[in-house]
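Coordinate analysis (summary)
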Amino acid sequence: MLVEQIAVFLENKSGRLAEITAVLADNDINIRALSVADTADFGILRLIVDKVELAKKVLKENGFTVGKTTVIAVEVPDRTGGLATVLAAIRDAGINVEYMYAFVNKTGENAVLIFRFEKMEEAIETLRREGFTILSKEQICAL
Amino acid sequence: MSFSRFQHSTVQYWEEEMETLPRVGLEAIQLRRLQHLVARVYRTVPPYRRKMEEIGLKPEDIRSLADLARLPFTVKNDLRDNYPFGLFTVPMEEVVRVHASSGTTGKPTVVGYTARDIDTWAGVMARALVCAGAGRGDMIHNAYGYGLFTGGLGAHYGIERLGATAIPVSGGNSKRQITIMKDFGSTVLLSTPSYALNLADAMDAMQIDPKSLSLRVGIFGAEPWSENMREEVERKLNLKATDIYGLSEVMGPGVAQECLHTDRGMHIFEDHFLPEIIDPESGEVLPPGEKGELVFTTLTKEAFPIIRYRTKDISRLYYEPCACGRTLVRMEKVTGRTDDMLIIRGVNVFPSQVEHVLMGIEGVEPHYQIVVEREGNLDTMQVQVEVSEGVFSDEIRVLENLSRHIQKEIKDLLGVTCRVKLVESKTIQRSEGKAQRVIDKRSI
């Protein structure tokens, strides 16, 4: 139930994000979700794409430092309190969130939350127990 | 494991007699050659003669090797002042080749060679190759730059003299270099150590496993590098990394070479190049084993001999016998340069110390640059470090911890607070020749 995520190191200088997206587009790689975390000096671009290995390979070939990690994708109804219920369950289980980002799917009915937890296995167990929908890689790509 | 990979030359020395001569005999040869040299430059090179006359020294005053210390030093500026050919001792009709330094810090310096100088050079370079374990049958991949720089052609003539196969690939175009290594079966690599790491990066990007290549030995020189960097090169290229020393003012590559029996220094071919270690401040000659500035006098060069040339390289000399059987003195790996030294808020900083810190941190690569600036009246030092896959994380916290860790280690070792800037992999300029480690933007 883990989804693979690509992370790319970025210095804060103009044009880098454009370069990355151009490389992905040239190789017919579709971005499903992304977020950028940044500090004064550098940023980390996190991407969920349909072709993970290819994306890693072509970005590396273009000189980027690329990492691959796993994240959990949770689908919740797109209404007030959707995120709050997930975070409450996680808090009650005593699990820390390393980072998260979210997007709303095309139909607009559901939101997809991407999480990296301190304890991934425990988090999956908790989310399942509480009845949340965890999306597979295929489901994310099909959205 | 193919046979060719472990095919070793059976030759242990190139010129056994000279390389294993008892020191008494060696010193007698050195003295005789020194006396001839001093007499010749006194007669033929006005700048040398003037310098000797200023201190009332005559060629016949050189009676023992200890009298070498009475001769005036030659410095880089003497070469610049006499640019281009003012220090040559023979008419240009006898000069068959010239080389020149890059001149990044001023006018280039020019050196010249007679046919016999080229022959001597090929001989000492062949000695260096044999000393590093190369021999006939080796495919020697020469990635030193060919051209005005002495590295490429100097090594090349030695390879041919030895009777190994020269692959004159020169510097640059790393992808092609690796394809050639693979297809031609290169067994010995000659390059600067920073370029060797550059090649390792390129192999990684091309997804070529160095274990699938035939490389056995690397002969790396032309810039100072640390023991940590040696381990890195050995691990990443799967070869034995040896150190070579040379500089154009003295000859070019082949002045000294590490053998396979010691990790304590390079054998100086001192029947041709007479070394001293001096205190860079006072100019006094230091006893064996003490650290200071390396000084060379060429004993056999014809077109461009040089007396007591201050190299600005920091090293020390070991006269103890070596397990390889050579009686030639060893010089310690160059640990820095007298002019490399940065003074930051009154603290002496050598780039090699920063490198040492970086290489001590798991996953960090030795690609770095130091940027020094002055804000108001205060010096600031920024250390730029590339984020390699080995240290990259998708969590900001991990990378911030890394830069704090580097900062603390530098502060602990050097006593200087620096700012660490993480930069993208492969964005610090890879030299095809010498790596530029320091950018000093202070205008003092």
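Residues numbered from 1 in each chain as written. Chains lettered and ligands numbered in written order. Predicted model: local features only at pLDDT ≥ 70, side-chain atom pairs only at ≥ 80, totals over all residues.

1. Overview of the overall build of chain B
Filter applied, for reference: In this text, helices come from DSSP runs of H or I with a minimum length of four residues, and strands from runs of E with a minimum of two, each type numbered from the N-terminal end. Three exposure classes are used, based on other C-beta atoms lying within 10 Å of a residue's own C-beta, which is placed from the backbone: buried for 20 or more, exposed for 12 or fewer, and partly exposed in between. We call two residues in contact when the distance between their C-beta atoms, placed using the backbone, is within 7 Å.
Counting its secondary structure elements, chain B contains eleven helices and 21 strands. Counting all 444 residues of chain B, 46% fall into the buried class. The long-range share in chain B, meaning contacts at least 24 apart out of those at least 6 apart in sequence, stands at 68%.

2. Side note on the nonpolar core
To be explicit about the condition: Note on terminology: a nonpolar core is a set of buried residues of type Ala, Val, Leu, Ile, Met, Phe, Trp, Tyr or Cys, with members joined through C-beta atoms within 7 Å.
Of all hydrophobic cores here, the largest spans 87 residues; its most connected members are Leu129(B), Ala134(B), Ala196(B), Val255(B), Ile268(B) and Phe273(B). Per-element tally for this core: the top contributor is helix α5 (residues 115–131) of chain B, with nine residues. If near-sequence neighbours (up to four positions away) are discounted, Val255(B) is found in contact with Tyr245(B), Gly246(B), Leu247(B), Val250(B), Ile268(B), Phe269(B) and Phe273(B). Of all hydrophobic cores here, the second largest spans 60 residues; its members include Val3(A), Val49(A), Val387(B) and Val423(B).

3. Some details on the sheet that holds strand β15 (residues 336–337) of chain B
Two orientations exist for strands paired in a sheet by backbone hydrogen bonds: parallel and antiparallel. Residues and elements named next belong to chain B. Short version of the rule: One bridge is not enough; two strands pair if DSSP finds at least two bridges between them.
With antiparallel pairing, four strands are arranged side by side in an open sheet as β10-β11-β12-β15. The strands lining the two open edges of the sheet, one partner per strand, are β10 (273–278) and β15. Where strand β12 (residues 309–315) lies against β15, two bridges are found, and the strand directions are antiparallel. Looking at β15, one finds that Ile314 is bridged to Gly336.

4. Re the interface of chain B and chain A
The condition is simple: Under the convention adopted here, Pro, Cys and the residues Ala, Val, Leu, Ile, Met, Phe, Trp and Tyr are nonpolar, Asp, Glu, Lys and Arg are charged, and Gly plus all remaining residues are polar.
Residue-level contacts link 17 residues of chain B with 17 residues of chain A. The set of elements that each furnish at least two residues to the side of chain B that touches chain A consists of α11 (396–414) and β20 (419–424) of chain B. Its residues assigned to classes, the side of chain B that touches chain A shows seven nonpolar, three polar and seven charged.

5. A closer look at the sheet that holds strand β5 (residues 188–191) of chain B
All names here are of chain B. Put simply, the rule reads: Angular values range over 0 to 180 degrees, each being the angle between N-to-C directions of two axes fitted as lines to C-alpha atoms, with helices fitted over their stretch in contact.
As summarised here, the arrangement of the nine strands in space is β4-β3-β5-β6-β7-β8-β9-β14-β13, forming an open sheet in which the pairing is mixed. In this open sheet, the two edge strands, each paired with only one partner strand, are β4 (165–167) and β13 (317–318). The pairing of strand β9 (residues 266–268) with strand β14 (residues 330–331) spans two bridges and is classified as antiparallel. Pairing of Met266 across the sheet is with Met331, part of β14. With respect to the sheet, helix α9 (residues 227–237) is in contact with β6 (217–220) and β7 (240–247), its orientation differing from that of β7 by roughly 125°.

6. So, unusual backbone geometry
Residue Pro84(B) follows Tyr83(B) across a cis peptide bond; omega there is -5°. Topologically, Pro84(B) is positioned in the loop between α4 (76–81) and β1 (95–100). Positive phi is not limited to glycine here, since Asp28(A) has a value of about 60°. Residue placement: Asp28(A) occurs in the loop between α1 (16–26) and β2 (31–38). Phi is positive for Lys426(B), close to 65°, though the residue is something other than glycine. Looking at where Lys426(B) falls in the secondary structure, it is placed in the loop between β20 and β21 (438–440). The exposure class of Lys426(B) is partly exposed, given the 18 C-beta atoms found within 10 Å.

7. Notes on the environment of Asp41(A)
Residues and elements named next belong to chain A. Relative to the helices and strands, Asp41 is located in the loop between β2 and β3 (42–49). With 16 C-beta atoms packed within 10 Å, Asp41 lands in the partly exposed category. Distance in space between the C-alpha atoms of Asp41 and Leu10 is 9.0 Å, their sequence separation being 31 residues.

8. Looking at the environment of Val90(B)
All names here are of chain B. Its place among the elements puts Val90 in the loop between α4 and β1. For Val90, a count of 17 C-beta atoms within 10 Å corresponds to the partly exposed category. A C-alpha to C-alpha distance of 8.0 Å links Val90 and Thr44, two positions 46 residues apart in sequence.

9. Remarks on α9(B)
Residue and element names in this part refer to chain B. Test applied: The arc in question is formed by the directions pointing from the helix axis toward the C-beta atoms.
Taken residue by residue, α9 has Met229, Arg230, Glu232, Val233 and Leu237 as its buried positions. The buried residues of α9 occupy one face: seen down the axis, they fall within an arc of 165°. Exposed residues lying more than 90 degrees from the buried face of α9 are Glu231 and Arg235. Tucked inside the fold, the buried residues of α9 contact α8 (193–205), β6, β7 and α10 (351–359). Positioned one or two residues after α9, Asn238 has a phi angle of 55°, which is positive.

10. Focus: the pairing of strand β6 (residues 110–117) of chain A
Residue and element names in this part refer to chain A. Within β6, six of the eight residues are buried, which leaves the element mostly enclosed by the surrounding structure. Pairing between strand β4 (residues 66–77) and β6: six bridges, direction antiparallel. The residue bridging Pro77 from the neighbouring strand is Asn110, located in β6. With seven bridges connecting them, strand β5 (residues 97–104) and β6 associate as antiparallel partners.

11. Structural notes on the packing of α5(B) against helix α6 (residues 150–162) of chain B
All names here are of chain B. Here is the rule we go by: An angle below 35 degrees is read as roughly parallel, one above 145 as roughly antiparallel, one from 65 to 115 as roughly perpendicular, and any other as oblique.
Running from amino to carboxyl end, α5 crosses α6 at an angle of 75°, the nearest separation of the two axes being 7 Å. In terms of axis orientation, α5 runs roughly perpendicular to α6. Contacts between α5 and α6 involve Ile118, Trp121, Ala122, Gly123, Met125, Ala126, Ala128, Leu129 and Val130 on the former and, on the latter, Gly154, Ala155, Tyr157, Gly158, Ile159, Arg161 and Leu162.

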